[in-house]
Amino acid sequence: MKKVGVLALQGDFEAHQKALDRAGAEAVEVRTAAELEGVDGLVIPGGESTTMLKLLREEKLFEPLRQFGERRPIFGTCAGTILLATEVSHPKQESLGLMDISVERNGYGRQLDSHVAVGCPEDEFLRRTGDGDLEMVFIRAPVICRAGGDVKVLVEHRGAAVLVEQGRHLAATFHPELSADERVHRLFLAKL
Ligand code: GLN
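Residues numbered from 1 in each chain as written. Predicted model: local features only at pLDDT ≥ 70, side-chain atom pairs only at ≥ 80, totals over all residues. Heavy atoms only, no water.

## Structural notes on the overall build of the protein
Thought 1: Of regular secondary structure, the protein possesses seven helices and 12 strands.
Thought 2: The C-alpha atoms of the protein give 15 Å as radius of gyration, which agrees with the globular expectation for 192 residues (16 Å, within 12%).
Thought 3: Projected onto the principal axes, the alpha-carbon positions of the protein cover approximately 40 × 40 × 30 Å.
Thought 4: Looking at the protein as a whole, 54% of its 192 residues are labelled buried.
Thought 5: A separation of at least 24 residues holds for 65% of the contacts in the protein among residues at least 6 apart in sequence.
Thought 6: Accessible surface for the protein amounts to roughly 8,500 Å². Of this, 46% is attributable to carbon and sulfur atoms.
Thought 7: Each charge class in the protein was averaged separately, 24 positive and 30 negative side chains, and the resulting centres sit 3 Å apart. (Helix = DSSP H or I, 4+ residues; strand = E, 2+ residues; numbered from the N terminus. Rg over C-alpha atoms; globule rule 2.2 N^0.38 Å. Buried < 20%, exposed > 50% of the residue type's maximum accessible area, 1.4 Å probe, protein only. Contact = heavy atoms within 4.5 Å. Areas by Shrake-Rupley, 256 points an atom, 1.4 Å probe, with all protein chains shown as cover. Lys, Arg positive; Asp, Glu negative; His and termini not counted. Charge placed at Lys NZ, Arg CZ, Asp CG, Glu CD.)

## Re the sheet that holds strand β2 (residues 26-30)
Thought 1: Taken in spatial order, the seven strands make up an open sheet running β2-β1-β3-β4-β12-β11-β10, and their pairing is mixed. If you trace the sheet from one side to the other, it starts and ends with β2 and β10 (152-157), each paired once. Here the strands of the sheet are splayed against their neighbours by 20° on average, with no regard to which way each runs. (Pairing = 2+ DSSP bridges. Axes fitted to C-alpha atoms, helices over the stretch in contact; angles between N-to-C directions.)

## A look at the sheet that holds strand β5 (residues 85-89)
Thought 1: If you walk across this open sheet you meet the three strands as β5-β6-β9, and the pairing is mixed. Unpaired on one side and paired on the other, β5 and β9 (143-147) mark the two borders of the sheet. Between one strand axis and the next, the sheet turns through 25° on average, direction left out of account.
Thought 2: One ladder, built from four bridges, connects β5 with strand β6 (residues 99-104); its direction is parallel.

## Focus: the environment of Gly97
Thought 1: With respect to the helices and strands, Gly97 occurs in the loop between β5 and β6.
Thought 2: Expressed as a C-alpha distance, the spacing of Gly97 and Leu83, which sit 14 residues apart in the sequence, is 7.6 Å.
Thought 3: Apart from residues no more than four positions distant in its own chain, Gly97 is found in contact with Leu83, Leu84, Ala85 and Thr86.

## A few points about helix α1 (residues 13-23)
Thought 1: Taken together, the buried positions of α1 are occupied by Phe13, Ala15, His16, Gln17, Ala19, Leu20 and Ala23.
Thought 2: Next to the buried residues of α1 lie β1 (3-7), β2, β3 (41-44), β4 (74-77) and α7 (183-189).
Thought 3: Just downstream of α1 lies Gly24, where phi reads positive at about 95°.

## Side note on the pattern of salt bridges
Thought 1: Per the counting criterion, the structure on display carries 17 salt bridges.
Thought 2: The shortest N-O distance in the salt bridge between Arg183 and Asp181 comes to 2.7 Å.
Thought 3: The class for Arg183 is buried, based on a relative accessible area of 5%.
Thought 4: The exposure class assigned to Asp181 is partly exposed, which follows from its relative accessible area of 25%. (Salt bridge = Lys/Arg side-chain N within 4 Å of Asp/Glu carboxyl O.)

## A closer look at the environment of Glu104
Thought 1: When you line up the elements, Glu104 lands in strand β6.
Thought 2: The class of Glu104 is partly exposed, set by a relative accessible area of 30%.
Thought 3: Excluding its chain neighbours within four sequence positions, the residues that come into contact with Glu104 are Ser89, His90, Pro142, Val143 and Cys145.

## Description of the site of the ligand
Thought 1: Close to the ligand lie Gly46, Gly47, Glu48, Ser49, Cys78, Ala79, Ile82, Arg105, Asn106, Ile139, Arg140 and His175.
Thought 2: Backbone polar atom of Ser49 to an oxygen atom of the ligand: 2.6 Å apart, as the coordinates give it.
Thought 3: For the ligand, the accessible surface in isolation is 300 Å², of which the surrounding protein chains cover 95%. (Near = heavy atom within 4 Å. Polar contact = N/O pair within 3.5 Å; in protein donor to acceptor, adjacent residues only side chain to side chain.)

The following block contains the structure:
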């Protein structure tokens, strides 16, 4: 069984652990560089990216995490996606730069601040995970406003990419851990 770490400094890491369990992986909490060494891949959950960044600095985890991402798969959701990006705006913020995407924080504006949508993923997603529409829970979500040439869009919503893949990494602007559908987590597990 694959061992997946969930960065547990802040945010909704427990929901990810449960989703990983349901998808058939062993999920463990990661708070130190030593714990990071013992896992096959890592989930960076949603939460508050500025706080997460501050804690990563305080725990001296920022650089180990960046290096981990050069060797192993990372799945970022919402705040996790903000941390994986190369460029963050609104406001500008430091990031790991592991995926060639630009994100605008809280990019849906006040009216769409938090919402649940049901959409049809791209054929590639369906081929790899199985048919059916996907429920997507957005909570003060970032918008992916640019995706580089090596970035594959797996799900689009309201004209913007909301689930993207680049090599070993996967990033969602929504929260798949809050829906009963495990396909997004299974897609990540298949990359380990
Ligand atoms: N708006 C948050 C941020 O900028 C992300 C929200 C989330 O992860 N649900 O960090």
